[in-house]
Amino acid sequence: MREKLSVVKIGGNVIENEAEMERFIHLFSEMEGPKILVHGGGKLATQLASKLGIASKMVNGRRITDAETLDIITMVYAGLTNKNIVAKLQANQCNAIGLSGADADSIQAQKRPVKEIDFGFVGDIDGVNTTTISNLVSLGLTPVFCAMSHDGNGQLLNTNADTIASELAIGLGEKYDTTLYYCFEKPGVLMDVTDEASVVRHIDTKKYKELLHEGIIADGMLPKLENCFHALHHNVKSVCLGNMFMLDQKNDLFTTITL
């Protein structure tokens, strides 16, 4: 029987709130078995850029990463945010190691081709170094990945954290039974956006099509769910969507997605 591996992605709403962060770190540290954490840090990057007089450019909610912005992102994602998380995990007896995709050649990517928009130094993932990452995990370490990859030619690239989490779960799904956890503000996929108790606890392909048809899954939730099903079609056993409390074994109020 294959070992289980959890890949957990946290959003800025947790990172930027000290009390929420402490609570999350505790819940994550208590999770049994091997695990990997993936984080972004966009709002902090925007704040630091502003302090340094560098304007943040966004198109359709996505950051344009020019050379100056890439420097800021590297400082915040791979430095400040990553090392703070690692230090907090160590304080909770979780032996973490902070990584970018460039470290140990973990995540290879290529610069996104210019179509209608030039996103700058943004990476689209080519592959994940599953051997190296699983070696770290087998040593009892918990990798903590920031939202950065590299192109193998010395260039760091800003890379979507949801995609990094998904590609890690897919790559490591060859060796482990991987479950992917996306932590966000809501307790799960909601039947009624005004009612946080209306969580859809299980979605499979049939239910997904029904919810799409009814317009329950729409707007910002659509790319999230597409990402989830992409992972499920490529080695990932299940995907869970909800707030940080889904990591608590006593809580079952979140959405589990399977094929």
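Residues numbered from 1 in each chain as written. Predicted model: local features only at pLDDT ≥ 70, side-chain atom pairs only at ≥ 80, totals over all residues. Heavy atoms only, no water.

Put simply, the rule reads: UniProt positions are given in the numbering used here, feature names are shortened, and annotations may be inferred rather than shown by experiment.
The name given to the chain in an unreviewed UniProt entry is Acetylglutamate kinase, with the source organism recorded as Maribacter flavus. For the chain, the Pathway (unreviewed entry) comment in UniProt is given as "Amino-acid biosynthesis; L-arginine biosynthesis; N(2)-acetyl-L-ornithine from L-glutamate: step 2/4."

1. Examining the side chain of His39
Heads up, the condition is: In this description a helix means any DSSP run of H or I spanning at least four residues, a strand means any run of E spanning at least two, and both kinds are numbered starting from the N terminus. Type-normalised accessible area, obtained with a 1.4 Å probe on protein chains alone, sets the label of each residue: buried when under 20%, exposed when over 50%, and partly exposed for intermediate values. Distance and chemistry together define a polar contact, namely a pair of N or O atoms within 3.5 Å, with one atom able to donate a hydrogen and the other to accept it when in protein, and with adjacent residues in sequence counting only for side-chain atoms on both sides. Contacts were defined at the residue level, with two residues in contact if any of their heavy atoms lie within 4.5 Å.
Along the chain, His39 falls in strand 2 (residues 35-39). Relative accessible area serves as the criterion here: at 0%, His39 is assigned to the buried category. Engagement of the side chain of His39 in a polar contact is seen with the side chain of Asn82, the distance being 3.1 Å. With near-sequence residues (within four places) excluded, His39 lies in contact with Ile10, Ile15, Tyr77, Thr81, Asn82, Ile85, Val144, Phe145, Cys146, Ala147 and Ala161.

2. Some points on the pairing of strand 8 (residues 142-145)
How we decide: DSSP calls a pair of strands paired once it identifies at least 2 bridges connecting them.
Going residue by residue along strand 8, you find Thr142 and Val144 tucked away on one face and Pro143 and Phe145 tucked away on the opposite face as well. Here two bridges tie strand 2 to strand 8, and the two strands are oriented parallel to one another. In the strand pairing of strand 8, Leu37 is matched with Val144. Two strands pair when backbone bridges link them, and strand 5 (residues 96-99) and strand 8 are joined in this way by four bridges, in the parallel orientation. Counted as the bridge partner of Ile97 is Pro143 from strand 8.

3. Points about the packing of aromatic side chains
This is how the line gets drawn: Put simply, two rings from Phe, Tyr or Trp (the six-membered ring, in Trp's case) pair if the centres are within 6.5 Å, and we call them stacked under 30 degrees between planes, edge-to-face over 60, tilted for the rest. Distance and angle both matter: a charge sits over a ring if NZ of Lys or CZ of Arg is within 6 Å of the ring centre and within 35 degrees of the ring normal.
In total, this model carries two aromatic pairs according to the counting rule given. Aromatic side chains Phe24 and Phe28 sit 5.8 Å apart centroid to centroid with 20° between the ring planes, which places their arrangement in the stacked category. Note that Phe24 and Phe28 are positioned in helix 2 (residues 18-30) at a spacing of four residues, about one turn of the helix. Across the ring face of Phe28, the terminal group of Lys35 is positioned such that the distance to the ring centre comes to 5.6 Å. If you follow Lys224 out to its NZ or CZ, it ends over the ring of Tyr182, 5.9 Å from the centre.

4. Some points on the layout of surface pockets
Quick reminder of the rule: Each cavity reported here is a set of points on a 1 Å grid over the protein atoms alone in which a 1.4 Å probe fits but cannot get out, each pocket an open set with protein on both sides within 12 Å along at least five of seven lines, and each lining residue one with an atom within 4 Å of a point. Grid points are joined across faces, edges and corners, and a volume is the space filled by probe spheres set on the points. Gly counts as polar in this scheme, as do all residues outside two lists: the nonpolar Ala, Val, Leu, Ile, Met, Phe, Trp, Tyr, Cys and Pro, and the charged Asp, Glu, Lys and Arg.
Considered as a void within the structure, the largest pocket measures approximately 1500 Å³ in volume. Grouping the constituent residues of the lining of the largest pocket by class yields 18 nonpolar, 17 polar and 13 charged. Counted as a void, the second largest pocket has a volume near 450 Å³. Around the second largest pocket sit 22 residues that line it, and Met31, Glu32, Tyr181, Leu247 and Gln249 are the ones nearest its centre. Looking at the lining of the second largest pocket, the elements with two or more residues in it are strand 1 (4-10), helix 2 and strand 11 (177-183).

5. Comments concerning the pairing of strand 1
With six of seven residues buried, strand 1 lies mostly within the body of the structure. Across six bridges, the pairing between strand 1 and strand 11 is parallel. Among the inter-strand pairings, Ser6 is bridged to a residue of strand 11, identified as Thr179. One ladder, built from five bridges, connects strand 1 with strand 2; its direction is parallel. Across the sheet, the residue bridging to Val7 is Ile36, located in strand 2.

6. What to know about the UniProt feature "site: Transition state stabilizer" (unreviewed entry) in the chain
In the numbering used here, UniProt assigns the "site: Transition state stabilizer" (unreviewed entry) feature to Lys9 and Lys224. In sequence the annotated residues extend across 216 residues, while in space they remain close, none of their C-alpha pairs exceeding 12.2 Å. From the set just named, the residues that line the largest pocket comprise Lys9 and Lys224. Here Lys9 lies in strand 1. Side-chain polar atoms of Lys9 contact the side chain of Asp162, separated by 3.1 Å. Tracing the backbone through its elements, the reader meets Lys224 in helix 8 (residues 221-232). Once residues lying within four places of it in the same chain are set aside, the contact partners of Lys224 are Asp162, Phe184 and Leu241.

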